[in-house]
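# Topology and contacts: notes
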Amino acid sequence: FLISKPAIGFSETLPKGFLRTAVVEVKGKTHHAIIVGERHFQVKKKTTFLDLNGQNIALDTLPVPCKADIKYLLRMDEDPLLLELVIKELYPDSLTVFAPRK
C-alpha cells in the first residue's frame, strides 16, 4: 500500500524546489516580487514579511531599499519563490513605494 501511495500521511505544502537562505539588499519591489540586484523573487499570499521588531507587515509597507534575511525556493526555469523576508537594516532613503511598471 505504501509503495502505491507514498505521499499518504505527508502533506506537500511547498512547491518543488531547493530551499535557500541569504542576506540580501532589496533594491525595490513590485506588486508581485521583490527585486534583488537584477533578480526578481516572486511573492505569494503566504509570503511572510517581518519588520525590525519581528512584527508582521504587508508588502505594501515594506521599505526599500533595505538589508534583509530571506528564505526562498530556487526553482528550475522560474523566478525564485520568496517564502519569508526579515528586515535587518533600513537605509536613510528607504521608502514604501513600488517600482514603476515598464
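A word on the overall build of the protein chain. Helices and strands together make up the secondary structure of the protein chain, namely zero helices and seven strands. Listed N to C, the secondary structure of the protein chain is β-β-β-β-β-β-β in terms of helices and strands. Long-range pairs, those at least 24 residues apart, make up 64% of the contacts in the protein chain with a sequence separation of at least 6. Accessible area of the protein chain: about 7400 Å², with a carbon and sulfur share of 56%.

Moving on to the confidence of the model for the protein chain. Averaged over the protein chain, the pLDDT score is 88; the fraction of residues at 70 or greater is 83%. When the criterion is pLDDT under 50, residues 1-11 qualifies, and its contacts beyond four places in sequence or with other chains add up to one contact.

It is worth spelling out unusual backbone geometry at this point. Cis rather than trans, the peptide bond between Val-64 and Pro-65 has omega equal to 0°. Here Pro-65 shows up in strand 6 (residues 64-74). Located in the positive-phi region is Asp-77, a residue other than glycine, with phi close to 60°. One can find Asp-77 in the loop between strand 6 and strand 7 (81-95).

This part covers the environment of Ala-68. Relative to the assigned elements, Ala-68 resides in strand 6. Note on Ala-68: relative accessible area 0%, which makes it buried. Residues Ala-68 and Leu-50, spaced 18 residues apart in sequence, show a C-alpha to C-alpha distance of 9.5 Å. Contact partners of Ala-68, with chain neighbours within four places excluded, come to Ala-22, Val-23, Val-24, Val-26, Leu-85, Val-86, Ile-87 and Lys-88.

A few words now on the pattern of salt bridges. Tallying each qualifying case throughout the model produces three salt bridges. The closest approach of N and O atoms between Lys-27 and Glu-25, which form a salt bridge, is 2.8 Å. Relative accessible area serves as the criterion here: at 35%, Glu-25 is assigned to the partly exposed category. A salt bridge links Asp-69 to Lys-88; the shortest N-O distance between them is 3.7 Å. Here Asp-69 is found in strand 6, whereas its partner Lys-88 is found in strand 7, with 19 residues between them in sequence.

Analysis parameters
- Residues numbered from 1 in each chain as written.
- Predicted model: local features only at pLDDT ≥ 70, side-chain atom pairs only at ≥ 80, totals over all residues.
- Heavy atoms only, no water.
- Helix = DSSP H or I, 4+ residues; strand = E, 2+ residues; numbered from the N terminus.
- Contact = heavy atoms within 4.5 Å.
- Areas by Shrake-Rupley, 256 points an atom, 1.4 Å probe, with all protein chains shown as cover.
- pLDDT = per-residue confidence, 0-100.
- Buried < 20%, exposed > 50% of the residue type's maximum accessible area, 1.4 Å probe, protein only.
- Salt bridge = Lys/Arg side-chain N within 4 Å of Asp/Glu carboxyl O.

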